[in-house]
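Breakdown of the fold
The chain contents come next:
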Amino acid sequence: MGVEVKVENLTKSFGSQLIWGDVSLTLPAGEISVMLGPSGTGKSVFLKSLIGLLKPDEGHIWIEGVDIATCKEKDLYEIRKLFGVLFQDGAMFGSMNLFDNCAFPLREHTRKSESEIRQIVMDKMDIVGLAGAEMKLPGEISGGMRKRAGLARALVLEPEILLIDEPDSGLDPVRTAYINQLFIDLNAQIDATFLIVTHDINSTRTVPDNIGLLYHKHLAMFGPREMLLSSTEPVVAQFLNAQRVGPIGMSEEKDAAELAAEAELDMPPLPPIPRQLEPSDGRPRAGQREPGAWCREHGITPPPGSFEENMSLAPGATA
Ligand SMILES: Nc1ncnc2c1ncn2[C@@H]1O[C@H](COP(=O)(O)OP(=O)(O)OP(=O)(O)O)[C@@H](O)[C@H]1O
């Protein structure tokens, strides 16, 4: 049932440049979380810190009782086996066909026989809809297929935690919808804990159980999807509804003159909260909750029209 990741007071700088400070959040076991933030706010740095590729300056990352921010290299090596990572470009070896790319982690990290490896790779290729494409080179397939191949490779070691960096970058809206559904189906099937970094607002509104927003060198908010989608906190409401009115400007923060010019403008009303995507085989999501449950429990009235079936997505949301 996936693994919880608990981040406490994490801070990361490069030289004198603070990337983010005092970040605390818990990725609940088996649930899907999305991390958002304007470009350059350190989302990729956050993913790399979680897997121990970058060392934070301060703070802790607890996974199964081990603090991977401070543990020995030997313990980090063991904990890394819990992770699968899908990098932005798929990070495939260009000279190897898809089969060998997917077999690579198994050949490197296990003593499985070639026939066992073949079975695992074919199974994962099938899950991501690439059966039959095993012999193709990464350069011979589309960007969407490369992402799915990267996902198959991230799955071969049966990860408990999947980190996914901008799965929708460079994909058209239809391919994005397919890959989102694939994440939902996979999450229900393998129960791993997912963290997805994305800029796509439609995906953010419908895919995750939890949403986080990095902004201006700190974590502006992290919590259940309904908490952020019903929030009127200016930075959160502006970003999640893809609005120009609000504190975030073209180069991160607006200056005093820009904010003064906007003082008369009201933030547009929040759009209805859509239902979450559901697994296509009818099984429940790992973090399944009744639509509107969080709002009811916290006495929040969601925007009118929320949680209706077959509602269209927010007008401001870009696919
Ligand atoms: N190894 C490194 N050494 C020095 N600076 C780095 C390093 N890696 C990242 N940075 C800096 O950290 C900041 C955050 O980068 P990061 O790629 O995490 O942003 P991001 O939020 O993922 O951006 P985007 O949405 O555009 O992908 C940038 O200013 C980047 O230049």
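Above: the structure in question.
Residues numbered from 1 in each chain as written. Predicted model: local features only at pLDDT ≥ 70, side-chain atom pairs only at ≥ 80, totals over all residues. Heavy atoms only, no water.

Some points on the packing of helix α5 (residues 143–155) against helix α6 (residues 173–190)
For any two helices packed against each other, the geometry comes down to the angle between their axes and how far apart the axes lie. Viewed as axis vectors pointing N to C, α5 and α6 meet at an angle of 15°, and their least axial separation amounts to 12 Å. Judged on the interaxial angle alone, α6 and α5 are roughly parallel. Crossing of α5 over α6 shows right-handed handedness. The residues of α6 that touch α5, namely those facing K147, R148, L151 and L155, are I179, L182, F183, L186 and I190. Class assignment for the residues of the contact of α5 with α6 results in seven nonpolar, no polar and two charged. (Axes fitted to C-alpha atoms, helices over the stretch in contact; angles between N-to-C directions. Helix = DSSP H or I, 4+ residues; strand = E, 2+ residues; numbered from the N terminus. Parallel < 35°, antiparallel > 145°, perpendicular 65-115°, else oblique. Left-handed = near helix turned anticlockwise from the far one by under 90°. Contact = heavy atoms within 4.5 Å. Nonpolar A, V, L, I, M, F, W, Y, C, P; charged D, E, K, R; others polar.)

Some details on helix α4 (residues 114–127)
Compared with an ideal rise of 1.5 Å per residue, which puts 14 residues at 20 Å, α4 spans 20 Å between its outermost C-alpha atoms and is within 8% of the ideal. All of the buried residues along α4 are I117, I120, V121, K124 and M125. Buried positions in α4, seen along its axis, are confined to an arc of 130° and lie on one side of it. Residues of α4 that are exposed and angled more than 90 degrees away from the buried face: S115 and Q119. (Expected span 1.5 Å × (residues − 1). Buried < 20%, exposed > 50% of the residue type's maximum accessible area, 1.4 Å probe, protein only. Arc of directions from axis to C-beta.)

Some remarks on the packing of helix α3 (residues 98–109) against α5
Two numbers describe how α3 lies on α5: the axes approach to 8 Å, and their chain directions differ by 30°. What the angle tells us is that α3 and α5 run roughly parallel. Where α3 crosses over α5, the two elements pack in a sense that is right-handed. Together, L98, N101, C102 and P105 of α3 and A149, A152 and R153 of α5 make up the contact between the two elements. Each residue belonging to the contact of α3 with α5 can be placed in one class, and the counts come to five nonpolar, one polar and one charged.

Things to note about unusual backbone geometry
Within the chain, E64 stands out as a residue other than glycine whose phi angle is a positive 50°. Mapped onto the elements, E64 comes out in the loop between β4 (58–63) and β5 (66–67). At D191, a residue that is not glycine, the phi angle is positive and equals roughly 65°.

Brief notes about the pattern of salt bridges
According to the stated counting rule, one finds 10 salt bridges in the structure shown. The salt bridge involving K74 is made with D75; its shortest N-O contact spans 3.9 Å. Of the charged contacts, one joins E78 and K81 as a salt bridge, the two residues approaching to 3.4 Å between their closest N and O atoms. In this structure, a network of salt bridges that share partners links the residues D100, R107 and E114. (Salt bridge = Lys/Arg side-chain N within 4 Å of Asp/Glu carboxyl O.)

Some details on the sheet that holds strand β6 (residues 83–86)
Spatial strand order, β6-β7-β8-β3-β9-β10: six strands in an open sheet with mixed pairing. Two strands close off the open sheet at either side, each with one partner strand: β6 and β10 (218–224). Taking the axes of each pair of neighbouring strands and ignoring which way they run, one obtains an average angle of 15° across the sheet. Pairing analysis gives six bridges linking strand β9 (residues 210–215) to β10, with the strands arranged antiparallel. Considered in β10, the bridge of Y215 is made with H218. Its contacts with the sheet put α5 on β6 and β7 (161–165), and the angle it makes with β6 is roughly 170°. (Pairing = 2+ DSSP bridges.)

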